[in-house]
Amino acid sequence: MKFFTSVLLLFLLVSCGAGHIPTWKQNAAADTANFIESSFIGNEAYAAKYFDKMLEDFRMTVDPDEIVKAYLTKCIASFALLEYSGCTEAAEMLPLLKNKENIAYYNFVSGRSGKAEDLPEKYRKAAGISQNCSIGNANSELASEKDPVTLMVKASFFVKTGCYDAETAGIAIDAASKEGWKKVVLKYLALQLAYFEKHGNVQEAQLVKKRMELVVSEE
C-alpha cells in the first residue's frame with residue numbers, strides 16, 4: 001500500500017507488531033491511506049467515500065480516542081493542502097479524549113496552542129524554527145524530510161506562520177509532483193505565483209503560470 005508508511009508516521013495507527021491484527025485496524029489503515037491519496041490527488045468523490053469508510057472503521061471500536069483519528073486525519077489532509085480550519089468535528093470530542101497525542105495533533109492543526117510542548121513531537125522543531133522565523137532553516141528542515149506527507153504538513157505550517165519563501169513552495173511542489181499529488185502541486189504553484197507577483201519577479205511568475213496552465217489544460 002503506497003501510503004501506509006506515511007499514514008503510520010502521521011500517528012493514526014499504533015504499531016501492530018507481531019501477532020493478531022484486528023480487522024478494523026487493517027481496514028482503517030487501507031481507508032486512511034486511500035483517503036489521503038484521493039485528497040492529495042484532488043479526487044473529491046473518492047476522498048468523501050474513503051472518509052466515510054475510515055470513520056466507520058474507527059467507530060467499530062466505540063472508543064473516542066480512535067474515532068477522533070478519522071476527524072483529525074481529515075483536518076491534517078486539509079492542513080497539508082493549505083486549507084486551515086478550527087477542526088470543529090474533532091473539537092467537539094475533546095472532553096472525551098484521554099490520549100495526549102490526539103490532543104497534541106488537535107492543537108497543531110487547529111492552532112489552539114502555539115507552545116512547542118503542546119504539539120506533536122515530530123513537529124516541535126518546525127514550530128521552533130517558525131517562532132523566530134529562519135526561512136533558511138525552514139527550507140533545510142523540509143529538504144531533509146524523507147516522508148512526503150510529513151513534508152507537506154511541515155511546509156503548510158511554515159506557510160501558515162508566514163515563515164516561507166518561493167523556495168519553500170518549490171520544495172513542496174517537487175515532492176508532491178514526484179508522488180503524483182496534482183491538487184497539492186497546484187496549491188503550492190498558486191502560492192509560489194503569489195509570492196513572485198508580490199515581490200515583482202515577473203519572469204518567474206510567468207514560468208509558474210505556464211506550468212499551471214499546462215496542468216489545468218489537461219483536465
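Scroll up to find the structure.
Everything quoted here is computed from the prediction, not taken from an experiment.

Participant: Can you walk me through the side chain of Asp-165 in this structure?
Facilitator: Inspection of the secondary structure assignment puts Asp-165 in the loop between α9 (148-160) and α10 (166-179). Of the side chains bearing the opposite charge, Lys-198 lies closest to the buried Asp-165, which forms no salt bridge; the N-O distance is 13 Å. Among the polar contacts listed, one links the side chain of Asp-165 to the side chain of Asn-139, at a separation of 3.2 Å. Excluding its chain neighbours within four sequence positions, the residues that come into contact with Asp-165 are Ile-135, Asn-139 and Tyr-195.

Participant: How should the packing of α9 against α10 be read in this particular structure?
Facilitator: The packing of two helices is summarised by the inter-axis angle and the distance between the axes. Interaxial distance between α9 and α10 falls to 10 Å at its minimum, and their mutual angle equals 150°. With respect to their mutual orientation, α9 and α10 come out roughly antiparallel. α10 is crossed by α9, and the crossing has left-handed handedness. For the pair formed by α9 and α10, the contact residues are Pro-148, Leu-151, Met-152 and Ala-155 on the first element and Ile-171, Ala-172, Ala-175, Ala-176 and Glu-179 on the second. A per-class count over the contact of α9 with α10 returns eight nonpolar, no polar and one charged.

Participant: I keep staring at the state of the cysteines and nothing clicks. Help me out?
Facilitator: By definition, a disulfide links two cysteine residues through a covalent bond between their sulfur atoms. Evaluation of the coordinates by the stated rule reveals one disulfide. Put simply, Cys-75 and Cys-87 are joined by a disulfide, and their sulfur atoms are 2.0 Å apart. An S-S torsion of about 100° defines the bridge between Cys-75 and Cys-87 as right-handed. Of this pair, Cys-75 sits in helix α4 (residues 64-80) while Cys-87 is found in the loop between α4 and α5 (88-91), placing the two residues twelve residues apart along the sequence.

Participant: Which parts of the structure should I look at to understand the packing of helix α11 (residues 182-198) against helix α12 (residues 202-216)?
Facilitator: Between α11 and α12, the least distance of the axes is 9 Å, while the angle of their chain directions is 155°. For the element pair α11 / α12, the angle class is roughly antiparallel. Judged by the sense of rotation from one axis to the other, the crossing of α11 with α12 is left-handed. Where α11 approaches α12, its residues Lys-182, Leu-186, Leu-189, Ala-190, Gln-192, Leu-193, Phe-196 and Glu-197 are matched on the opposing element by Glu-204, Ala-205, Val-208, Lys-209, Arg-211, Met-212, Val-215 and Val-216.

Participant: Which parts of the structure should I look at to understand the packing of aromatic side chains?
Facilitator: Each pair of aromatic rings is reported with the distance of its centres and the angle of its planes. Overall, the coordinates contain 13 aromatic pairs when judged by the stated rule. Ring geometry for Phe-79 and Tyr-84: centres 5.2 Å apart, planes at 70°, overall edge-to-face. Classification of Phe-79 by relative accessible area gives buried; the value is 1%. Aromatic side chains Tyr-195 and Phe-196 sit 6.4 Å apart centroid to centroid with 75° between the ring planes, which places their arrangement in the edge-to-face category. The exposure class assigned to Tyr-195 is partly exposed, which follows from its relative accessible area of 22%.

Participant: Help me understand the pattern of salt bridges, please; the structure alone is not making it clear to me.
Facilitator: In a structure, side chains of opposite charge can pair up when their charged atoms sit close to one another. Within the structure shown, the criterion is met by ten salt bridges. Its salt-bridge partner being Lys-125, residue Glu-141 comes within 3.4 Å of it at the nearest N-O pair. Of this pair, Glu-141 sits in helix α8 (residues 135-143) while Lys-125 sits in helix α7 (residues 124-132), placing them 16 residues apart in sequence. On the basis of relative accessibility, which here comes to 9%, the residue Glu-141 falls in the buried class. A salt bridge links Lys-209 to Glu-197; the nearest nitrogen and oxygen atoms lie 3.7 Å apart. On the criterion of sequence distance, the pair formed by Lys-209 in helix α12 and Glu-197 in helix α11 is long-range, its members being twelve residues apart. Judged by relative accessible area, which is 30%, Lys-209 ranks as partly exposed. Looking at Glu-197, the relative accessible area reads 45%, which means it is partly exposed.

Conventions and cut-offs
- Residues numbered from 1 in each chain as written.
- Predicted model: local features only at pLDDT ≥ 70, side-chain atom pairs only at ≥ 80, totals over all residues.
- Heavy atoms only, no water.
- Helix = DSSP H or I, 4+ residues; strand = E, 2+ residues; numbered from the N terminus.
- Buried < 20%, exposed > 50% of the residue type's maximum accessible area, 1.4 Å probe, protein only.
- Lys, Arg positive; Asp, Glu negative; His and termini not counted.
- Salt bridge = Lys/Arg side-chain N within 4 Å of Asp/Glu carboxyl O.
- Polar contact = N/O pair within 3.5 Å; in protein donor to acceptor, adjacent residues only side chain to side chain.
- Contact = heavy atoms within 4.5 Å.
- Axes fitted to C-alpha atoms, helices over the stretch in contact; angles between N-to-C directions.
- Parallel < 35°, antiparallel > 145°, perpendicular 65-115°, else oblique.
- Left-handed = near helix turned anticlockwise from the far one by under 90°.
- Nonpolar A, V, L, I, M, F, W, Y, C, P; charged D, E, K, R; others polar.
- Disulfide = S-S within 2.5 Å.
- Phe/Tyr/Trp six-rings, centres within 6.5 Å; stacked < 30°, edge-to-face > 60°.

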